[in-house]
Amino acid sequence: QVVLVESGGGLVQPGGSLRLSCAASGSIFSSTAMGWYRRIPGKERERVAHISDTGLTNYAHYVRGRFTIARDNAQNTVYLQMNSLKPDDTAVYYCNGIFQQFRGGSWESYWGQGIQVTVSS
C-alpha cells in the first residue's frame, strides 16, 4: 500500500503564497507521474499540474505562470508553490501519484486525503 499525505494548506489573503507538499510512503519501488488536482465547491475535481519522473511539467491554463510544481524523487515528495493566489483558487487540493510497489508489478494510482486552501481577505 502507498499512502500520500498533503501538508501546507491554510488561509491566505489574495495575492499571497502557499506551498503545498505531498509525501508518499509505504511500499514503493518506482514512481512515474505525480500531480495536483483540486475540487472547488460545487464543481468537478480538476487538474492543476503534473510532473513526470524526469521533471517534465504541465499546467492547467488557470494556474500557469502562478503555480510551480516540483518533486524530490529520492523522498517521493511533490510540491506545489502557489503564488499570486486568487479567491477562485479556494478549493480542496489533492495529491496524486502513479506508483509501482515492486519490480514488474502493476502501476497504480494513489490519492491523498486532500487539504483545504482558502484565499480570502
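See the structure printed just above.
All of these numbers come straight from a predicted model, not from anything done at the bench.

S.K.: Would you mind going over unusual backbone geometry in detail, with residue names and values included?
M.R.: Unusually for a residue other than glycine, Asn 76 sits at a positive phi of about 50 degrees. Within the element layout of this structure, Asn 76 appears in the loop between β7 (67–72) and β8 (77–82). The exposure class of Asn 76 is buried, given its relative accessible area of 19%. Phi at Ser 84 takes a positive value of approximately 50 degrees, unusual for a residue other than glycine. Turning to its location among the elements, Ser 84 is positioned in the loop between β8 and β9 (91–100). Residue classification places Ser 84 among the partly exposed positions, given a relative accessible area of 40%.

S.K.: Describe the packing of aromatic side chains, naming the residues involved and giving the relevant values.
M.R.: Tallied over the entire structure, the rule returns two aromatic pairs. The ring of Tyr 94 carries Arg 45 above its face, with NZ or CZ at 5.5 Å from the centroid. For Arg 45, the ring lying beneath its charged end belongs to Trp 111, and the centroid distance is 3.8 Å.

S.K.: I'd like a description of the environment of Cys 95, backed by residues and values.
M.R.: With respect to the element layout, Cys 95 can be found in strand β9. Judged by relative accessible area, Cys 95 falls into the buried class, the value being 0%. For the pair Cys 95 and Trp 111, spaced 16 residues apart in sequence, the C-alpha to C-alpha distance is 5.7 Å. Apart from the residues lying within four places of it in its own chain, the contact partners of Cys 95 are Leu 4, Glu 6, Cys 22, Gly 35, Trp 36, Val 78, Tyr 110, Trp 111 and Gly 112.

S.K.: Which residues make up the sheet that holds β8, and what are the values?
M.R.: For sheets, the rule is that strands pair by backbone hydrogen bonds, running either parallel or antiparallel. Here four strands make up an open sheet; going across it, the order is β1-β3-β8-β7 and the pairing antiparallel. One side of each edge strand has no neighbouring strand; the edge strands of this open sheet are β1 (2–7) and β7. Averaged over all pairs of adjacent strands, the angle between their axes in this sheet comes to 15 degrees, without regard to strand direction. Pairing analysis gives six bridges linking β7 to β8, with the strands arranged antiparallel. Residue pairing for β8: Asp 72 is matched across the bridge by Thr 77.

S.K.: Please set out the state of the cysteines residue by residue, giving values where relevant.
M.R.: Taken as a whole and judged by the stated rule, the model has one disulfide. The disulfide that involves Cys 22 links it to Cys 95, with 2.0 Å between the sulfurs. When the S-S torsion is -80 degrees, as for the bridge of Cys 22 with Cys 95, the disulfide is left-handed. One end of the pair, Cys 22, is in strand β3 (residues 18–26); the other, Cys 95, is in strand β9, and 73 residues separate them in sequence. Comparing Cys 22 with Cys 95, the two get one shared label, buried.

Here is what the cut-offs are and how they apply
- Residues numbered from 1 in each chain as written.
- Predicted model: local features only at pLDDT ≥ 70, side-chain atom pairs only at ≥ 80, totals over all residues.
- Heavy atoms only, no water.
- Helix = DSSP H or I, 4+ residues; strand = E, 2+ residues; numbered from the N terminus.
- Buried < 20%, exposed > 50% of the residue type's maximum accessible area, 1.4 Å probe, protein only.
- Phe/Tyr/Trp six-rings, centres within 6.5 Å; stacked < 30°, edge-to-face > 60°.
- Lys NZ or Arg CZ within 6 Å of the ring centre and 35° of its normal.
- Contact = heavy atoms within 4.5 Å.
- Pairing = 2+ DSSP bridges.
- Axes fitted to C-alpha atoms, helices over the stretch in contact; angles between N-to-C directions.
- Disulfide = S-S within 2.5 Å.

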